[in-house]
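One-letter residues, chain by chain:
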Amino acid sequence: MVAVGIHGHWLGGICRIGETEGKKDFKDSGYIFPLAVAIVLSGQYEDDVDNSEEIVYTGQGGQDLLGNKRQIKDQVMKSGNLALKNNMNQLLPIRVIRGNKCPNSITGRVYTYDGLYKVVQYWAEKGVSGFTVFKYRLKRLPGQPELVTNQVQFVRGKGGQAQSEIHGLVCKDISFGQENIPIPATNIIDDSPVAPEGFTYINSLEVASNVTIPPSARGCNCKDKCIDPRTCSCAKRNPSDFPYVAQDGGRLVEAMDVVFECGPNCGCGPKCVNRTSQQGQKYRLEVYKTADKGWAVRSWDYIPSGAPVCEYIGVVRKTDDLENVTGNEYIFEIDCLQTINGVGGRERRLRDVPLPSNDGPQRGGKISEKGPEFCIDAGSRGNIARFINHSCEPNLFVQCVFSSHHDIRLARVVLFAADNIVPLQPACLLNTYKTGVLNVSKQELTYDYGFELDSIVGPNGKIKKLLCHCGAADCRKWLY
């Protein structure tokens, strides 16, 4: 960074010019010095907070040089600390560089330049260790390219591997350019490897002719981005707070009955944190063939807990229309109402969400004995979610989301990371290719299909059974 001129100090986290006010080199500039040019945010201070677009940065000085990141004395308002204050007072932006752990680097870290931020506030407070520290709140300037840190997850295993190097590649992109990031398919199982077939890839829900989607609900009056949950009408539905935090491009705080997002009638823009599940594919995913479960999905990137992975996409149909259809294993019943009421052994969520009286069926209303009224059929038309397998110990969970209308029978179905998901590691991948043994239990993306035992009845009236091959330690043995 020093060599290319992005940062000016070999070790200092704050790069500044002009050590004292009125230094001769800058006396005719009209500015008050010192001024900050760049900061490096790399976890060196225990008081730092990084939410991507907004940062609370701890000033310099008073830190234990032994490397345990703890403060051992008070900070003082000079050097870099004074420079950041002067930037705020004179409305001058500052470069922000983020350091990230990277086991493949000889230094163990790699750095990204994430654009210009403005210092909007500073204050002094007692830090975690009891000593006075200076805190600076920085916000990213609008209109810049996407955060590099959001595009490059440095704990990923496969780094910048080109598609031409992928062993067993049978399709470069099963979405044919419809997703933000290509989705390759690999097959090292079949003697004559083929790509997934028998379906058409789509990236948005389609609706059967006999299904009517309700009109869009009233939206919030926020501008650009929703910031204050006390004034945002969408946040108040959740209730009274945003369901997401901005960290890592948006993460769900906890699983809920339903999540209310901003929609087409809201004043905020597409980058609003309350549209997190609507922002398209963020992670590099791969569809691959397994020996005993058909096609499956794994990630090349680290996926943080609470991050949206994909929406279950297909054709919205009435469940009754598929009652006598056989051989279609890609039907997802929209069972939000059943989940809210804990019907059929479904796991109750952490918080109740009161549904507006004019926005569709109510909590406590009569639930059909036949089950959910509507479903998503991804049999012949769907997206990557149709390839995600069941596990009795999954790393994804299903979340019903409202973003347009508020009819609970027709909620969107989005899959979120239930835990931090580690990407496919190069050593594991290389061993797989050498031995032919596919051992990817830690990398495969899975969710619990939620079938009750003995709940599936075939066309002949007999109960159907299907063995589970998830391989989890506490596997229930039967999928249904």
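Residues numbered from 1 in each chain as written. Predicted model: local features only at pLDDT ≥ 70, side-chain atom pairs only at ≥ 80, totals over all residues. Heavy atoms only, no water.

Peer 1: Could you clarify how one ought to interpret the state of the cysteines in this entry?
Peer 2: In protein structure, a disulfide is the covalent linkage between the sulfur atoms of two cysteines. On inspection of all chains with the given rule, the structure shows zero disulfides. For the unlinked cysteine Cys266, the closest cysteine sulfur is that of Cys234, found at 3.5 Å. Classification of Cys266 by relative accessible area gives buried; the value is 12%. Unpaired in terms of disulfides, Cys400 finds its nearest cysteine sulfur in Cys336, a separation of 3.5 Å. The buried category is assigned to Cys400, whose relative accessible area is 7%. (Disulfide = S-S within 2.5 Å. Buried < 20%, exposed > 50% of the residue type's maximum accessible area, 1.4 Å probe, protein only.)

Peer 1: I would appreciate a short explanation of the pairing of strand β20 (residues 374–377) in the present structure.
Peer 2: Looking along a regular strand, one sees the side chains alternate between the two faces of the sheet. The two faces of β20 match: Phe374 and Ile376 on one face and Cys375 and Asp377 on the other face are all buried. Bridge count for strand β18 (residues 315–318) against β20 is four bridges, and the pairing is antiparallel. Each bridged residue has a counterpart across the sheet, and for Val316 the counterpart in β20 is Ile376. Judged from the three bridges that link them, strand β19 (residues 331–333) and β20 form a sheet pairing that is antiparallel. Its bridge partner being in β20, Phe332 is matched across the sheet by Ile376. (Helix = DSSP H or I, 4+ residues; strand = E, 2+ residues; numbered from the N terminus. Pairing = 2+ DSSP bridges.)

Peer 1: Would you mind showing me how to read the confidence of the model for the protein here?
Peer 2: A low pLDDT means the predicted coordinates there should not be read in detail. With 79% of its residues at a pLDDT of 70 or more, the protein shows a mean pLDDT of 82. When the elements of the protein are averaged for pLDDT, helix α5 (residues 426–435) gives the smallest value, 39, and strand β10 (residues 200–201) the largest, 98. In this model, residues 356–365 is a region of pLDDT below 50 whose contacts with residues beyond four sequence positions or in other chains number 19 contacts. Counting contacts from residues 425–442, a segment whose pLDDT is below 50, to residues more than four positions away or on other chains yields 27 contacts. (pLDDT = per-residue confidence, 0-100. Contact = heavy atoms within 4.5 Å.)

Peer 1: What am I meant to see in the sheet that holds strand β5 (residues 94–101) here?
Peer 2: Either a parallel or an antiparallel arrangement is found when strands of a sheet pair, and the pairing is made through backbone hydrogen bonds. Strands sit in the order β1-β2-β5-β6-β7-β4-β3 across an open sheet of seven strands; the sheet is mixed. Looking at the sheet topology across the chains shown, the edges are occupied by β1 (14–17) and β3 (49–50). Sheet topology places β1 next to strand β2 (residues 35–41); four bridges connect them, and they run antiparallel. If you follow Ile14 over to β2, its bridge partner there is Ile39.

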